[in-house]
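# Summary of the model geometry
Residue strings, one per chain:
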Amino acid sequence: MKTIKNYCAFVLIFLFALNINGSEKKTGTPEVKNPIIPFGAMTGKPTKAQLKKHLDSFKSVGIDQFQIYARSGLELEYMGDEWLDLCGYVIEYAATNGMSIWIYDEYNWPSGSCKGQVVRQNDDFAAKKISVWGNPVTHGKDNYFWSVSTIPLYPDVLSPEAVQTFISLTHEKYYERFGKYFGTVIKGFFTDEPSPMYGARRKTSGSLLELIYWDNLDDEYKQYTQRDFRADVEEHLKGNTPSGLWPAYYHLLGEKFKTSFFDQITSWCDQHDVLFTGHLMDESRPYDALGYNGEPMEVINSFSLPGIDEIFTYTNIDNIEWLTLKMVEDAAINIGTGASAELFALGPCDMTLTKRRQMIWLSALHGIDHYFFSLASLDARANIEKPVYYNPLTVIQPWFGATNELGEDAKQAALFARKKAIQEIAIRYPQNLTASGQFLTEGEKPEIGLRQLIQDLVSWQWNPRLIAEDSSPVSEYKVVLSITQEGFVDEKSGKEFASLDELSSWLDKNIERTTVVERKYGKRLENVLIKNYDDGSVCVISLLDTPLGEVVLKQAGSKPVAFELPEQGVFAYTGQSVPKISNEFKLPVNELLPYTLTSENTIRADFDETGTFEFTLTDNIDKLSIAVRNYEDIVRVKLDGKELSTTTVCHFLPEGLKELYLESEGLSLKAGKHTLSLVTENKDYPYFPSVFIGGNFGGKETVLGKLPETVSIANYREQGLNEYTGSISFSQKVNMGNAEYLSIGTHGLVAEVFIDGKSIGKNAWAPFRWEIPGKYKNKKVELEIRMWTSVGPLFGDYPRDEGKEGSWLKRYAPQ
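The model shown is predicted, which means the values in this text are computed figures rather than measured ones. All residue numbers here refer to positions counted from 1 along the written sequence of the relevant chain. For a predicted model such as this one, the threshold for reporting local features is a pLDDT of at least 70, and the threshold for listing and counting side-chain atom pairs is 80 or more; totals across whole chains, interfaces and linings nevertheless cover every residue. Side-chain measures were taken over the full set of non-hydrogen atoms in the model, leaving aside hydrogen atoms and water.

### Points about the overall build of the chain
Counting from the N terminus, the helices are DSSP H or I runs at least four residues long and the strands are E runs at least two residues long. Summing up its helical and strand segments, the chain has 19 helices and 43 strands in all. Using C-alpha atoms as the atom set, the radius of gyration is obtained and then compared with a globule rule of 2.2 Å times the number of residues to the power 0.38. Taking 815 residues into account, the globule formula puts the C-alpha radius of gyration at 28 Å, and the chain, at 29 Å, falls close to it. Each principal axis of the C-alpha atoms in the chain carries an extent, and together these give about 85 × 70 × 55 Å. In this scheme, a residue with accessible area under 20% of its type's maximum is buried, one over 50% is exposed, and one in between is partly exposed, where area comes from a 1.4 Å probe on protein chains only. Looking at the chain as a whole, 61% of its 815 residues are labelled buried. Note on definitions: a residue-residue contact is assigned when non-hydrogen atoms from the two residues lie within 4.5 Å. When contacts within the chain are restricted to residue pairs at least 6 apart in sequence, long-range pairs at least 24 apart make up 77% of them. Values of accessible area rely on a 1.4 Å probe in the Shrake-Rupley scheme; residue burial ignores everything except the protein chains shown. When the accessible surface of the chain is summed, it comes to about 31700 Å², and 47% of that surface belongs to carbon and sulfur atoms. In the chain, 84 positive and 110 negative side-chain charges are present, and the distance between their average locations comes to 5 Å. Within this scheme the basic residues Lys and Arg register as positive and the acidic residues Asp and Glu register as negative, but His and the chain ends are omitted. Working definition for charges: the position is that of NZ of Lys, CZ of Arg, CG of Asp or CD of Glu.

### Quick word on the pattern of salt bridges
Close approach of charged atoms allows side chains of opposite charge to pair. We count a salt bridge whenever a side-chain nitrogen from Lys or Arg sits within 4 Å of a carboxyl oxygen from Asp or Glu. According to the stated counting rule, one finds 37 salt bridges in the structure shown. Here E424 makes a salt bridge to K478, at a shortest N to O gap of 3.3 Å. You can see E424 sitting in the loop between α15 (403-417) and β13 (425-428) and its partner K478 sitting in the loop between β14 (465-467) and β15 (479-483), a full 54 residues away along the chain. With its nearest N and O atoms 2.8 Å apart, the salt bridge here joins K554 to E518. Residue K554 is located in strand β21 (residues 549-555), and its partner E518 is located in strand β18 (residues 515-519); the two are separated by 36 residues in the primary sequence. For K554, a relative accessible area of 35% corresponds to the partly exposed category. Linked through salt bridges whose partners overlap, the residues forming this network are E75, D379 and R381.

### A short note on the environment of I693
Within the secondary structure, I693 sits in strand β35 (residues 691-695). For I693, a relative accessible area of 0% gives the class buried. It is 49 Å that separates the C-alpha atoms of I693 and F303, two residues lying 390 residues apart in sequence.

### Some words on the state of the cysteines
By disulfide we mean two sulfur atoms from cysteines, separated by a distance within 2.5 Å. Applying the stated criterion across every chain, the model contains 0 disulfides. Among the cysteines around C87, which has no disulfide bond, C114 carries the closest sulfur, lying 12 Å off. The thiol of C349 is unpaired, and the distance to the nearest cysteine sulfur, on C650, comes to 17 Å. Classification of C349 by relative accessible area gives buried; the value is 0%.

### Overview of the pairing of β13
Along β13, one buried face is formed by I425 and I427 and the opposite face, lined by A426 and R428, is buried too. The pairing criterion is simple: DSSP has to find at least two bridges between the two strands. Pairing of β13 with β15, which is carried by 3 bridges, proceeds in the parallel orientation. Note on β15: the bridge partner recorded for I427 is L481. Sheet topology places β13 next to β14; 3 bridges connect them, and they run parallel. Within the sheet, the bridge partner assigned to A426 lies in β14 and is R465.

### Overview of the side chain of D105
Within the element layout of this structure, D105 appears in strand β4 (residues 100-107). Here D105 occupies a buried position and makes no salt bridge, while the nearest side chain of opposite charge, R71, is found at 14 Å. Counted as a polar contact is a pair of N or O atoms within 3.5 Å, where, for protein atoms, one must be capable of donating a hydrogen and the other of accepting one, and residues adjacent in sequence contribute only when both atoms are in side chains. In terms of polar contacts, D105 uses its side chain to reach the side chain of S111, at 2.6 Å. If sequence neighbours within four positions are ignored, D105 has contacts with Y78, S111, F166, T170, H171, F189, F190, T191, D192 and F276.

### Examining the sheet that holds strand β19 (residues 528-532)
Here 3 strands make up an open sheet; going across it, the order is β19-β20-β23 and the pairing antiparallel. At either margin of the open sheet sits one strand with a lone partner, and together these are β19 and β23 (570-573). Mean inter-strand twist for the sheet, computed between neighbouring axes without regard to direction, equals 10°. Helix axes use the C-alpha atoms of the stretch in contact, all axes being lines fitted to C-alpha atoms, and the angles between their N-to-C directions lie in the range 0 to 180 degrees.

### Focus: helix α11 (residues 286-293)
The element α11 is largely enclosed, with a buried count of 7 among its 8 residues. Looking at α11, one finds that the buried residues are P286, Y287, A289, L290, G291, Y292 and N293. Taken together, the buried residues of α11 touch β8 (209-212), α10 (245-271), α12 (296-299), α13 (322-335), α16 (431-436) and α17 (450-459). Positive phi shows up at G294, right after α11, with a value of about 85°.

### Looking at the environment of T596
Of note, T596 is situated in strand β25 (residues 595-597). In sequence terms T596 and S731 are 135 residues apart; their C-alpha atoms lie 8.8 Å from each other.

### Digging into the packing of helix α8 (residues 217-225) against helix α9 (residues 229-237)
Between two packed helices, what matters for the description is the angle formed by their axes and the separation of those axes. Close contact between α8 and α9 brings their axes to 8 Å; oriented N to C, the two are set at 85°. It follows from the interaxial angle that α8 and α9 lie roughly perpendicular. Contacts between α8 and α9 pair L217, D218 and Y221 from the former with F229, R230 and D232 from the latter. Side-chain classes are defined by residue name, with Ala, Val, Leu, Ile, Met, Phe, Trp, Tyr, Cys and Pro counting as nonpolar, Asp, Glu, Lys and Arg as charged, and the others, Gly among them, as polar. Its residues placed into classes, the contact of α8 with α9 shows 3 nonpolar, no polar and 3 charged. Each angle gets one of four labels, with under 35 degrees taken as roughly parallel, over 145 as roughly antiparallel, 65 to 115 as roughly perpendicular, and the rest as oblique.

### A short note on the packing of helix α14 (residues 353-364) against α15
Axis separation between α14 and α15 bottoms out at 8 Å; the angle between their running directions is 20°. When the axes of α14 and α15 are compared, the pair comes out roughly parallel. Relative to α15, the crossing made by α14 is right-handed. In contact with L353, R356, R357, I360, W361 and A364 of α14, α15 contributes L406, D409, A410, Q412, A413, F416 and A417. The residue makeup of the contact of α14 with α15, split by class, is 9 nonpolar, 1 polar and 3 charged. Crossings are sorted by hand: turned counterclockwise from the far helix by less than a right angle, the near helix makes the crossing left-handed, and turned clockwise it makes it right-handed.

### Describing the sheet that holds strand β41 (residues 758-763)
Spatially, β25-β38-β43-β40-β41 is the arrangement adopted by the 5 strands of the open sheet, whose pairing is antiparallel. Lying at the two open borders of the sheet, with one neighbouring strand each, are β25 and β41. Strand-to-strand twist across the sheet, computed as the mean angle between neighbouring axes with direction ignored, equals 20°. Where β25 lies against strand β38 (residues 727-735), 3 bridges are found, and the strand directions are antiparallel. When the sheet's bridge partners are listed, T596 is paired in β38 with S729.

### Comments concerning the side chain of Q65
Its location among the elements puts Q65 in strand β3 (residues 65-70). With relative accessibility at 0%, the residue Q65 sits in the buried group. A polar side-chain atom of Q65 sits 2.9 Å from the main-chain carbonyl oxygen of N34. Among the polar contacts listed, one links the side chain of Q65 to the side chain of W102, at a separation of 2.9 Å.

### Brief notes about the confidence of the model for the chain
Per residue, pLDDT measures the predictor's confidence, with a range of 0 to 100. In this model, the chain carries a mean pLDDT of 93, and residues with pLDDT of at least 70 account for 93%. Segment residues 1-30: pLDDT under 50, and 86 contacts once partners within four positions in sequence are set aside and those in other chains are kept. Between residues 801-806, whose pLDDT stays under 50, and residues either more than four places distant or in other chains, the model counts 6 contacts.

Shown next as structure tokens:
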């Protein structure tokens with residue numbers, strides 16, 4: 001019997017009629033690829049056997065696209081022969097196994113430097129900034145001094161010659177080795193946060209003003225404005241800012257960035273039959289977006305497959321990166337090849353699949369049909385240099401097998417991403433207003449209420465599209481809003497609005513709704529994203545982490561449709577009938593039950609400032625091992641004053657960690673207090689601890705004892721398995737009567753249900769509900785619930801006292 005994951009009914013043959021992989025532009029042949037693409041971080045010096053095992057694991061769960069990613073932890077020379085040999089094996093594996101490959105164009109980020117090689121080729125290829133200085137005697141009131149400096153840490157992405165060098169050091173080298181795979185196995189290149197701003201974001205002490213600079217800036221400004229750039233800037237410093245100074249500067253900056261970097265690489269990719277994707281730097285706030293990109297709405301349209309960065313996974317209506325999503329939506333519509341998103345890098349690593357699915361659909365409703373999952377490292381050694389970017393999509397996650405279900409659902413999300421949405425409201429990106437306020441003080445800057453405007457329109461169940469400030473024509477929209485210093489204006493009617501409340505009231509009175517979602521008693525929902533399409537389908541995403549219960553979809557000319565919207569839930573409606581869930585057996589989850597584990601229990605040794613970790617055993621423990629990190633600073637420990645011999649590769653940690661640890665022989669310890677101490681000083685890392693303890697014990701924090709005989713589904717962590725990582729199965733005899741469905745509160749964990757030893761399905765996201773086969777009704781059966789944790793509990797509560805509340809380590813630690 002099927003698992004009830006949602007109430008969507010999709011005609012899967014459509015997948016073969018639509019190109020959801022974004023490659024139609026290049027080959028003309030529709031492909032059906034799983035749109036989940038792991039960021040395959042190549043750490044260490046992997047052998048072919050290790051790579052094959054890694055790639056086999058993805059193939060086993062339906063992943064058929066993979067990104068080759070050079071990042072921290074790589075121990076081969078980037079772009080050297082060994083690196084290219086490694087890439088060659090991955091590409092050949094993909095060719096043999098029907099997979100597609102994407103190539104990350106840099107070592108770490110930002111893109112454009114080839115790990116520093118571009119600037120080493122020519123000192124003039126370094127990023128440039130121009131500084132203005134005042135006369136120290138007259139305090140700058142009568143004359144100014146100008147200087148141009150280079151920042152060799154970053155490449156000059158505004159220099160066509162520097163960018164051409166970057167292409168020759170990366171793209172060309174890949175083509176020389178693997179050209180026969182371009183356009184078939186190799187789908188495209190991914191660029192990560194290139195920006196001219198890196199060279200100018202740190203101000204030199206004493207300067208009055210610093211700007212991104214490029215050769216010919218003065219001439220280009222003169223040609224564009226018929227004025228002198230430096231004279232205009234000096235007037236600005238005197239408090240008499242010339243009209244149009246900063247709008248002209250940021251327009252020219254955007255044009256230079258676009259033509260020098262993006263147009264060159266896109267042209268190269270077009271000529272070599274591959275796509276160019278990736279994302280800009282800091283799209284989420286207008287002032288920052290202009291600072292890093294010049295004219296972001298134009299620059300993002302220069303990709304052949306536009307993309308965004310949403311590694312924070314903001315899915316609440318109040319914190320979603322609305323500008324980021326709306327920018328890529330506009331580019332996806334303009335270009336027509338789909339779009340991409342880098343997702344999930346900051347996790348936390350115990351994020352549920354319910355939330356991952358919600359983020360995929362949130363992306364899909366903005367035209368994104370390629371989901372680059374960050375991160376899929378071969379192992380954890382990168383967690384030293386990059387300590388917080390750890391949200392793995394590999395076998396280290398006990399739930400990794402459910403990636404298959406997530407991939408199938410992602411295919412359906414990608415199908416919606418390619419549909420034509422009905423959008424009645426457009427918002428012009430406030431490029432000139434933002435540029436004009438860029439160098440004003442915080443109190444003087446115009447309030448750019450763009451994000452709040454989008455958020456409120458979404459909350460009011462309108463579906464706005466963000467368009468460039470000079471975009472035309474706009475006849476397809478009923479309302480076209482611009483942001484002014486006084487509020488908002490609709491250019492269609494000429495109506496001005498001083499507040500969002502005034503705008504909301506006017507829209508309700510003047511624009512007819514085609515779709516609305518209400519609570520059963522008639523109140524319009526506010527915490528949902530709704531998108532309706534020209535084929536009559538609708539998608540609704542909950543933006544809450546609590547269930548909304550039964551709600552009602554109303555469409556003009558159709559009967560209302562009642563459906564359930566669980567926490568972070570998705571409802572994709574294509575005209576199907578929706579079953580009403582009424583006869584449901586809710587399994588009690590607080591009862592103590594017998595259970596089985598597939599892994600040993602673990603606890604992280606959280607050493608204090610003296611290098612000591614004390615723990616207490618309430619019982620004698622006959623099976624316990626100590627695992628120490630065997631990478632970089634090799635860890636040595638004493639147990640109760642005696643140094644332990646750790647010579648065997650660890651067995652109890654998951655793959656991706658255990659290879660980097662050595663463990664002691666099995667230990668039997670008596671009840672009482674015990675002390676682990678570091679022989680030498682070792683640095684701990686959030687996701688690469690110095691020491692783990694594993695064995696057949698239970699307990700929490702520093703008090704351990706025998707494994708409990710029974711625990712509950714709801715509270716097993718608090719009942720002795722706080723840091724347990726793996727799968728856990730609960731068994732009991734139960735009679736569910738004549739119920740049609742079984743529901744279980746799993747706290748978001750992936751779960752599979754067995755009745756009398758036979759699976760009735762795996763469920764990876766809310767609602768965790770299963771249809772009960774008729775033959776089991778009104779019978780006493782053996783019910784087994786098997787749940788898979790994330791890797792998060794393995795790392796304990798670390799860091800308990802690391803920095804202020806809201807710091808990066810606190811914010812992205814497992815919960």
